[in-house]
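One-letter residues, chain by chain:
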Amino acid sequence: MMTLSNLACYLIYSSVVMVYGIGLNRAVVISRSPSHLILSAIKILITVTCTSVLSYLLVTFLLLPADLAELYPFVAVLIYTTLSVFIEAIIRITAKVSTSEFGISILFVFLALAESCSLAECVLNSCAFVLIFFIYVPVFMCVGKCIEVFHPKREFENTCLIFMSIAVIIFLLSIWNVTWLNAGGEF
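What counts as what
- Residues numbered from 1 in each chain as written.
- Predicted model: local features only at pLDDT ≥ 70, side-chain atom pairs only at ≥ 80, totals over all residues.
- Heavy atoms only, no water.
- Helix = DSSP H or I, 4+ residues; strand = E, 2+ residues; numbered from the N terminus.
- Buried < 20%, exposed > 50% of the residue type's maximum accessible area, 1.4 Å probe, protein only.
- Contact = heavy atoms within 4.5 Å.
- pLDDT = per-residue confidence, 0-100.
- 1 Å grid on protein atoms, 1.4 Å probe; cavity = no way out; pocket = protein on both sides within 12 Å on 5 of 7 lines; lining within 4 Å.
- Points joined across faces, edges and corners; volume = space filled by probe spheres on them.
- Nonpolar A, V, L, I, M, F, W, Y, C, P; charged D, E, K, R; others polar.
- Salt bridge = Lys/Arg side-chain N within 4 Å of Asp/Glu carboxyl O.
- Axes fitted to C-alpha atoms, helices over the stretch in contact; angles between N-to-C directions.
- Left-handed = near helix turned anticlockwise from the far one by under 90°.
- Core = buried A, V, L, I, M, F, W, Y, C linked by side-chain atoms within 4.5 Å.
- Phe/Tyr/Trp six-rings, centres within 6.5 Å; stacked < 30°, edge-to-face > 60°.

## What about the overall build of the chain?
Here is step 1 of the chain: Helices and strands together make up the secondary structure of the chain, namely seven helices and zero strands.
Here is step 2 of the chain: Mapped from its N terminus to its C terminus, the chain presents α and β elements in the order α-α-α-α-α-α-α.
Here is step 3 of the chain: Counting only residues that meet the buried cut, the chain has 35% of its 187 residues in that class.
Here is step 4 of the chain: Once local pairs closer than 6 in sequence are excluded, the contacts in the chain between residues at least 24 apart make up 74%.

## Digging into the confidence of the model for the chain
Here is step 1 of the chain: Scored by pLDDT, the chain has a mean of 79; 76% of the residues are at 70 or more.
Here is step 2 of the chain: Of all the helices and strands in the chain, helix α1 (residues 2–13) carries the lowest mean pLDDT, 68, while helix α3 (residues 37–63) carries the highest, 90.

## Examining the layout of surface pockets
Here is step 1 of the chain: One number sums up the size of the largest pocket: a volume of about 180 Å³.
Here is step 2 of the chain: The wall of the largest pocket is formed by 13 residues, among which Arg 26, Ser 35, His 36, Ser 40 and Ser 98 lie closest to the centre.
Here is step 3 of the chain: For the lining of the largest pocket, the secondary-structure elements that each account for two or more residues are α2 (24–32) and α3.
Here is step 4 of the chain: A per-element tally of the lining of the largest pocket places α2 first, with three residues.
Here is step 5 of the chain: Residue composition of the lining of the largest pocket, grouped by class: four nonpolar, seven polar and two charged.

## Things to note about the pattern of salt bridges
Here is step 1 of the chain: A full pass over the atoms with the stated rule returns two salt bridges.
Here is step 2 of the chain: Put simply, Glu 88 and Lys 43 hold a salt bridge, and the shortest N to O gap is 3.8 Å. With Glu 88 in helix α4 (residues 72–95) and Lys 43 in helix α3, this residue pair connects regions lying 45 residues apart in the sequence. The pair Glu 88 / Lys 43 is uniform in exposure class, with both members buried.
Here is step 3 of the chain: The class of Glu 88 is buried, set by a relative accessible area of 9%.

## Here's the deal with the environment of Ile 22
Here is step 1 of the chain: When you line up the elements, Ile 22 lands in the loop between α1 and α2.
Here is step 2 of the chain: You can call Ile 22 buried: its relative accessible area is 10%.
Here is step 3 of the chain: It is 8.6 Å that separates the C-alpha atoms of Ile 22 and Gly 103, two residues lying 81 residues apart in sequence.
Here is step 4 of the chain: In contact with Ile 22, not counting residues within four places along its chain, are Val 16, Val 17, Ile 104, Leu 107, Phe 108, Leu 111 and Phe 133.

## Focus: the packing of helix α5 (residues 103–114) against helix α6 (residues 119–149)
Here is step 1 of the chain: Close contact between α5 and α6 brings their axes to 9 Å; oriented N to C, the two are set at 140°. Crossing of α5 against α6: the hand is right-handed. Between α5 and α6, the residues in contact are Ile 104, Phe 108, Leu 111, Ala 112 and Leu 113 and Cys 122, Asn 125, Ser 126, Phe 129, Val 130 and Phe 133, respectively.

## Remarks on the nonpolar core
Here is step 1 of the chain: Counting residues in hydrophobic clusters, the biggest one holds 30 residues, and the most contacted among them are Phe 108, Phe 133 and Phe 140.
Here is step 2 of the chain: Among the secondary structure elements, those contributing two or more residues to this core are α2, α3, α4, α5 and α6.
Here is step 3 of the chain: If you tally residues by element for this core, the top one is α6, at 10 residues.
Here is step 4 of the chain: Ignoring anything within four residues of it in the chain, the contact list for Phe 133 reads Val 17, Ile 22, Gly 23, Arg 26, Ala 27, Ile 30, Ile 104 and Phe 108.

## Description of the packing of aromatic side chains
Here is step 1 of the chain: According to the stated counting rule, one finds four aromatic pairs in the structure shown.
Here is step 2 of the chain: Considering the side-chain rings of Tyr 72 and Phe 110, the 6.4 Å spacing of their centres and the 90° angle between planes classify their relative orientation as edge-to-face. A residue pair is termed long-range when its members are at least 10 positions apart, and Tyr 72 in helix α4 and Phe 110 in helix α5 qualify at 38 residues.
Here is step 3 of the chain: The class for Phe 110 is partly exposed, based on a relative accessible area of 22%.
Here is step 4 of the chain: Ring centres of Phe 108 and Phe 129 lie 6.3 Å apart, and the angle between their planes is 40°; on these two criteria the pair is classed as tilted. With Phe 108 in helix α5 and Phe 129 in helix α6, the pair connects residues that are 21 residues apart, well separated along the chain. Summarising the burial analysis for this pair, Phe 108 and Phe 129 share the class buried.
Here is step 5 of the chain: A connected cluster of aromatic rings, assembled from ring pairs, spans Phe 108, Phe 129, Phe 133 and Phe 134.

Below, the structure written as structure tokens:
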């Protein structure tokens, strides 16, 4: 049950793409030309999940006992780079396609490590982040197609209108949260 609530939270209320902004620009770019989307999703899912697991284990069993917890980003980047290059080489040899991606994936790893209390949560969060990122790609494709139908004026670029539409979607997703109305100071 906790897994479904985490997934719903990261999908709607605290979306990795919409609220944190991780991969927002990349999702818009991917939505314009979605070739090799599934292959890219599989590669990112494998690298993010494996990196999260290995980083979590190294941080928990090596860095924390040695009081070196502040080195976890360095360890995560090293593990991610190694795994990503290995999987990218396999994909290039077998499918003859490039699916290289660094920024989004490593941010997913950092977020999964920072927002998990156990190894299971770390794995589920990292899988959820990748899943949610690729769920929003078709949404952005639809927004782009809707904008193209209305033939916007030359002053507006399609990308500008897509980002403005995304801002409206973010506002609509978070408007029900009224905690921002609190005046603060009084309890």
